[in-house]
Amino acid sequence: MTKQNLRVAGIGLAMVTGLALTACSGGSTPNPGETGAASEGTTTAEITFWDPYPQHQSGSDWDNVVKACAPEGSTITRSSAPQTDLFNQLTTAVKEGNAPDVVLLDNPMMPEAALSSLLATAEQAGIDTTGIDENLLGPGIVDGVTYGVPMGSNALGLYYNADILEAAGVDPASITSWDALNSAIEQVVATGSKGITFSGIAGEEGVFQFQPWFWGAGADLSALDSPEAISAGQLVSDWIGNGYAPKSALTDNQSASWDLFLTGEYGFAENGSWFAAAAAANEGFEVGMVPIPGKDSGLAPVPTGGEFAVAPLQSKDASDHYANASAVIGCLIGGENAMQTSETLGYLSAKPDVRAEQVAANDQWTPWAPIVEGAQGRTTELGADYPAVSAQLSEALQGALNAAGDAAGVEDAFRTAAGS
């Protein structure tokens, strides 16, 4: 089949080409002083940079973006590891006094990292947080203190197979509530197609995908057994019970869920903006995207995605390490490089002015921008208590999906997980 154009602006991820990568000059600053602040140090010849992107190997676009931000006279040594491994390695490195200069941490890890004394404050490290959207900066604020800056944000949306929806007589613009979505799914299934894919896998990944429905119902992370929370569990449980979603949603991660959608058998898929490029390039059918609806109307808040750039706490030569961090992070998210960084990572910038540039350069970002602007930090409300609550919510979700639409089973799953 011929390649189809992507419908509904919002799932493009075209790389912005032709933008020069401008190396940042750290310049000379005073010799290290008593406070260990970045302003008292100088950038050093060797700068270490850790990130959670092992898929971006040496010589990749991302690798080049990072290394181009080495201050004059410096080189950056970059290494990568999966998120959990990276956090564990950082914990060990700080304890042993050989922490890297810059680390990119998944935003839900920020409160634990800060309260475990793994991070310098943004002020101490000289990391500029001006111009960052408050909702995206939120996960990095712990007990009123700011640690690091978001590299940008990805988001969740509701992708759809435009060919299937057209055959079923569904107008995607009409999907502005749960009832409207369920009605659309019913129409899709009635024409012989399948309904919706999503990831309900145990752990944070499944919780991440469930939170738009949870928050869209008006539920709160401090009350997992509320009627609103249970109604969100009932929604996704009914999808499995009615045969609208595959039973494999219990164990599907987001990539597996996306692969099911790409078979062309499903009308809808809840998934992330990081699949936008694949959606745009899909040759089998036309793909569109609409925001995830709230229960009764409007856009459901989605959890902020993406990493924070932080300066690990240093036990020696602290001001020089922080000068390194300040120079490199400032280069990546500021000035001429800000848009290049966001596009390379597939994120919308955390800065409104840069985000507007992205939308102007590629109108496929247009519907994703309000989703990011209305996103909520997963840890903003609970801080370091979030991981425990997330584990409870994961337990509730798994129980609800196993209940396959049974209302008593869904309610019991949420009440049991909440300890009520």
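Whatever comes next refers back to the structure up there.
Procedures and definitions
- Residues numbered from 1 in each chain as written.
- Predicted model: local features only at pLDDT ≥ 70, side-chain atom pairs only at ≥ 80, totals over all residues.
- Heavy atoms only, no water.
- Axes fitted to C-alpha atoms, helices over the stretch in contact; angles between N-to-C directions.
- Helix = DSSP H or I, 4+ residues; strand = E, 2+ residues; numbered from the N terminus.
- Left-handed = near helix turned anticlockwise from the far one by under 90°.
- Contact = heavy atoms within 4.5 Å.
- Nonpolar A, V, L, I, M, F, W, Y, C, P; charged D, E, K, R; others polar.
- Buried < 20%, exposed > 50% of the residue type's maximum accessible area, 1.4 Å probe, protein only.
- Pairing = 2+ DSSP bridges.
- Disulfide = S-S within 2.5 Å.
- Core = buried A, V, L, I, M, F, W, Y, C linked by side-chain atoms within 4.5 Å.

Relative orientation of the contacting elements helix 9 (residues 227–241) and helix 16 (residues 386–403) amounts to 40°, with a least axis distance of 7 Å. Of the two possible hands of crossing, helix 9 and helix 16 adopt the one that is right-handed. Two secondary-structure elements touch here, helix 9 through G233, V236, S237 and I240 and helix 16 through L397, A400, L401 and A403. When its residues are assigned to classes, the contact of helix 9 with helix 16 shows six nonpolar, two polar and no charged.

Next up on the list: the pairing of strand 9 (residues 266–272). By the criterion of burial, strand 9 is predominantly enclosed, with seven of the seven residues buried. Pairing geometry for strand 7 (residues 156–161) and strand 9, over five bridges, is antiparallel. Residue pairing in the sheet places L156 in a bridge with G272 of strand 9. Bridge count for strand 8 (residues 194–197) against strand 9 is three bridges, and the pairing is parallel. When the bridges of strand 9 are listed, K194 appears paired with Y266.

Below, the discussion takes up the state of the cysteines. Under the defined criterion, the tally for this structure stands at one disulfide. Residue C69 pairs covalently with C331 via a disulfide, S to S 2.0 Å. Between C69 and C331, the disulfide has an S-S torsion of -75° and is therefore left-handed. Here C331 lies in helix 12 (residues 318–333) and C69 lies in the loop between helix 1 (61–67) and strand 2 (75–80), a separation of 262 residues in the sequence. Classification of C331 as buried rests on a relative accessible area of 1%.

What follows deals with the side chain of Q254. Note that Q254 resides in helix 10 (residues 254–261). Dropping the residues within four chain positions of it, Q254 is found in contact with L156, S199, E205, F208, Q209, N271, W274 and F275.

Attention shifts here to the nonpolar core. Side chains of a nonpolar character, in soluble globular proteins, are inclined to be buried together. Residues L105, L119, Y159, W213, W239 and F268 are the most contacted members of the largest nonpolar core, which totals 96 residues. With eight residues, the single largest contributor to this core is helix 16. Discounting residues that sit within four places of it in the chain, L119 has contacts with L90, L105, M110, A113, A114, Y147, V310, A311, P312 and L313. A38, C69, A318 and I333 belong to the second largest nonpolar core, which has 30 residues in total.

Right, let's talk about helix 13 (residues 337–345) for a bit. Most of helix 13 sits inside the fold, with nine of its nine residues counted as buried. Those residues of helix 13 that fall on the buried side of the exposure criterion are N337, A338, M339, Q340, T341, S342, E343, T344 and L345. The inward-facing, buried residues of helix 13 abut helix 1, helix 12 and helix 14 (352–361). Positive backbone phi, at 75°, marks G346, one or two positions downstream of helix 13.

Bringing the sheet that holds strand 3 (residues 102–106) into the picture now. Strand order in the open sheet formed by five strands is 2-1-3-11-6, with mixed pairing between adjacent strands. Each edge of the open sheet carries a strand with a single partner, namely strand 2 and strand 6 (149–150). Strand direction decides the pairing type here: strand 1 (residues 46–51) and strand 2, joined by six bridges, are parallel. Looking at strand 2, one finds that I47 is bridged to I76.

Positive phi, close to 60°, is recorded for S117, a residue that is not glycine. Locating S117 in the fold gives a position in the loop between helix 3 (110–115) and helix 4 (122–125). Its identity as a non-glycine residue notwithstanding, D317 has a phi of 50°, on the positive side. With respect to the secondary-structure elements, D317 resides in the loop between strand 11 (307–310) and helix 12.

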